[in-house]
Amino acid sequence: MSDETSFQAPKGTFDLLPPDSAVFLAVRDALSAPARRAGYGYVETPGFESVGLFSRGVGESTDIVTKEMYTLTTKGGTELALRPEGTASVLRAALQANLHRGGNLPVKLWYSGSYYRYERPQAGRYRHFSQVGAEAIGAEDPLLDTELIVLAVDGYRSLGLTGFRLLLNTLGDRECRPVYRAALQDFLRGLDLDEETRRRIEINPLRVLDDKRESVQRQLAGAPLIGDHLCEACKEYHEQVRDLLTASGVAFEDDPRLVRGLDYYTRTTFEFVHDGLGSQSAIGGGGRYDGLSEMIGGPSLPSVGWALGVDRTVLALRSEGVALDLPAATDVYAVPMGEEARRTLFTVVTELRRAGVAADMAFGGRSVKNAMKSANRSGARFALIAGERDLADGVVQIKDLAGGEQEPVALNEVVAAVKSRLG
Ligand code: HAM
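What you see is a predicted model; the values in this text were computed from it and never measured.

Rules and cut-offs
Residues numbered from 1 in each chain as written. Predicted model: local features only at pLDDT ≥ 70, side-chain atom pairs only at ≥ 80, totals over all residues. Heavy atoms only, no water. Domains from an automatic or database assignment. Buried < 20%, exposed > 50% of the residue type's maximum accessible area, 1.4 Å probe, protein only. Helix = DSSP H or I, 4+ residues; strand = E, 2+ residues; numbered from the N terminus. Pairing = 2+ DSSP bridges. UniProt positions renumbered as here; feature names shortened; annotations may be inferred. Axes fitted to C-alpha atoms, helices over the stretch in contact; angles between N-to-C directions. Contact = heavy atoms within 4.5 Å. Polar contact = N/O pair within 3.5 Å; in protein donor to acceptor, adjacent residues only side chain to side chain. Expected span 1.5 Å × (residues − 1). Near = heavy atom within 4 Å. Nonpolar A, V, L, I, M, F, W, Y, C, P; charged D, E, K, R; others polar. Right-handed = clockwise from strand over helix to strand, strands pointing away.

## Overview of the domain arrangement of the protein
What the domain assignment reports for the protein is domain 1 (20-176 + 230-320) and domain 2 (332-422). When each unit is reduced to the centre of its C-alpha atoms, the spacing between domain 1 and domain 2 is 48 Å.

## Section: the pairing of strand E6 (residues 128-137)
In terms of residue burial, E6 counts as a mostly covered element, since 9 of its 10 residues are buried. Note that E6 and strand E11 (residues 303-309) share 7 bridges and pair antiparallel. Residue pairing across strands places Ile137 opposite Ser303, the latter belonging to E11.

## Details of the UniProt feature "domain: Aminoacyl-transfer RNA synthetases class-II family profile" (unreviewed entry) in the protein
The feature "domain: Aminoacyl-transfer RNA synthetases class-II family profile" (unreviewed entry), as annotated in UniProt, sits at residues 21-327 in this numbering. Across residues 21-327 one finds 38% helix and 21% strand; the C-alpha atoms that close the span lie 13 Å apart.

## Points about the sheet that holds strand E16 (residues 406-410)
With mixed pairing, the 5 strands of this open sheet are ordered in space as E13-E12-E14-E15-E16. Each edge of the sheet is formed by a strand with only one pairing partner; in this case those strands are strand E13 (359-361) and E16. Neighbouring strand axes in the sheet, compared pairwise and without regard to direction, differ in orientation by 30 degrees on average. Relative to the sheet, helix H14 (residues 368-377) contacts strand E12 (332-336), strand E14 (382-386) and strand E15 (395-400), its axis offset from that of E12 by approximately 180 degrees.

## Thoughts on the side chain of Glu49
As for its position among the elements, Glu49 is in strand E2 (residues 48-50). A distance of 3.4 Å separates the side chain of Glu49 from the side chain of Ser89, its partner in a polar contact. With residues near it in sequence (within four places) discarded, Glu49 still touches Phe54, Glu79, Leu80, Ala81, Ser89 and Arg92.

## Here's the deal with helix H13 (residues 339-354)
Its 16 residues give H13 an end-to-end C-alpha distance of 23 Å, which sits within 8% of 22 Å, the value for a rise of 1.5 Å per residue. Here H13 has its buried residues at Ala341, Thr344, Leu345, Val348, Val349, Thr350 and Leu352. Where H13 is buried, its residues contact E12, E13, E14, helix H15 (388-393), E15 and helix H16 (414-422).

## Examining the site of the ligand
Around the ligand sit 27 residues in total, of which Glu85, Glu119, Tyr126, Glu135 and Tyr265 are the nearest. Contact between the ligand and Glu85: a nitrogen atom at 2.6 Å from a side-chain N or O atom of the residue. Arg117 has a polar side-chain atom sitting 2.9 Å from an oxygen atom of the ligand. When residues of the shell around the ligand are assigned to their parent elements, the largest contribution, 6 residues, is made by strand E10 (residues 282-288). Residues of the shell around the ligand, tallied by class, amount to 11 nonpolar, 9 polar and 7 charged.

## Quick word on the UniProt feature "binding site: L-histidine" (unreviewed entry) in the protein
Per the UniProt record, "binding site: L-histidine" (unreviewed entry) is annotated on Glu85, Gly86, Thr87, Arg117, Gln131, Glu135, Arg260, Tyr264 and Tyr265. Examined against the element boundaries, Glu135 turns out to sit in strand E6. If sequence neighbours within four positions are ignored, Glu135 has contacts with Tyr40, Thr87, Val90, Val107, Lys108, Leu109, Tyr111, Tyr289, Val304, Gly305 and Trp306. Its location among the elements puts Tyr264 in the loop between strand E8 (253-254) and strand E9 (266-274). Setting aside its immediate chain neighbours within four residues, Tyr264 contacts Gly57, Val58, Glu85, Thr87, Arg288, Tyr289, Leu292 and Met295.

## What about the pairing of E12?
Here E12 lies mainly inside the structure; 5 of its 5 residues are buried. Judged by which residues are buried, E12 turns out to be covered on both faces: Val332, Ala334 and Pro336 on one side and Tyr333 and Val335 on the other are all buried. Where E12 and E13 come together, 3 bridges link them in parallel fashion. Counterpart to Ala334 in the pairing with E13 is Met361. The β-α-β motif built from E12, the intervening H13 and the parallel element E13 has right-handed crossover chirality. By the bridge criterion, 5 bridges tie E12 to E14 in an arrangement that is parallel. Its bridge partner being in E14, Tyr333 is matched across the sheet by Ala383.

Now the structure itself:
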């Protein structure tokens, strides 16, 4: 605990500080870049919404809604929840603004932000975390499901990540899912399960497949699988997605037991898992949600999307030992000797910044030795040093901080000289 304040970041949260924060920004940027190149426009929605949006959208019986939502009642009596995920909000925003009208479907949107779930904190699982997401609203086309998966894979690959796998499944549609659900319930009711799990069979039987306990998993060996209950249309749709993924050079593993923690999914569902992360191995996930719009009071709008976890992607990079090639925060660091030099170098630094060079300087009248330390620590390639004699000669010294060479440059040529040295 710090001596300076008795306050701490709340349990399950952490602060992002330099230099690590630069990695987070770069990861957000890299994960969203493929979607931005593919016609997805940026959307930003409020950090909180009506509780009902999530209980109806994400599902009354999901852990996210029953256990993990941060809810509050406003002074006016409105029930709000901090957003536990982005899809319901983004669809709500698109519907509210009528983006789906006018025939230009799908509406393609991407987003990036903070999400909140009251989960038991552990490595890779936080109560405040960060996602980059993309949603394609209003079209049913296996090309679109494939496009989104490819965009996510390209985002991970662009970071240099290699140790991830794509798990793929289909959950059927409103025609075949109910038949499967009933068959699964019949099977599950015959097992030796605890009271809570028995209740789950009646409300949300697919979630039982996702039970991590060994004693449960052993009994699930012969459980009916959705793959054997798909209607022709769903079977055909899924085959097309699989073929298109293969044609796009994306490897996947069929996982007939992949169940996601949100209820809105239909047909294509997928998860990206990374083997270097321990139990919180999902670095991203998504799928098709053809019924969600109707669930929240909109028209029929078949849609598909994903969200990629920024925090877990950073952990995955660390576990693979991948260091991102980040641009230096500072290229040039100015070290003034004396009051006149402070003013002159401040002007030079301002000019450099306006010319697009990342420049910083020593503030607060620090000793030269101390300021040089900061110059070295800043990662800058060059220091600009000036004292009274330099200013009398109309020059500043440019020092190469790696090599140590130093030479004078006329004051009015500093920007050009720095730019040519930086290449
Ligand atoms: P999700 O699988 O709940 O899906 O979350 C997506 C990703 O967010 C996860 O794979 C994980 O990387 C990250 N994540 C989730 N919870 C936490 C946590 N407590 N701490 C750290 N990271 C976490 C969704 O949220 C859906 N809205 C995805 C989607 C978009 N489906 C269709 N469109």
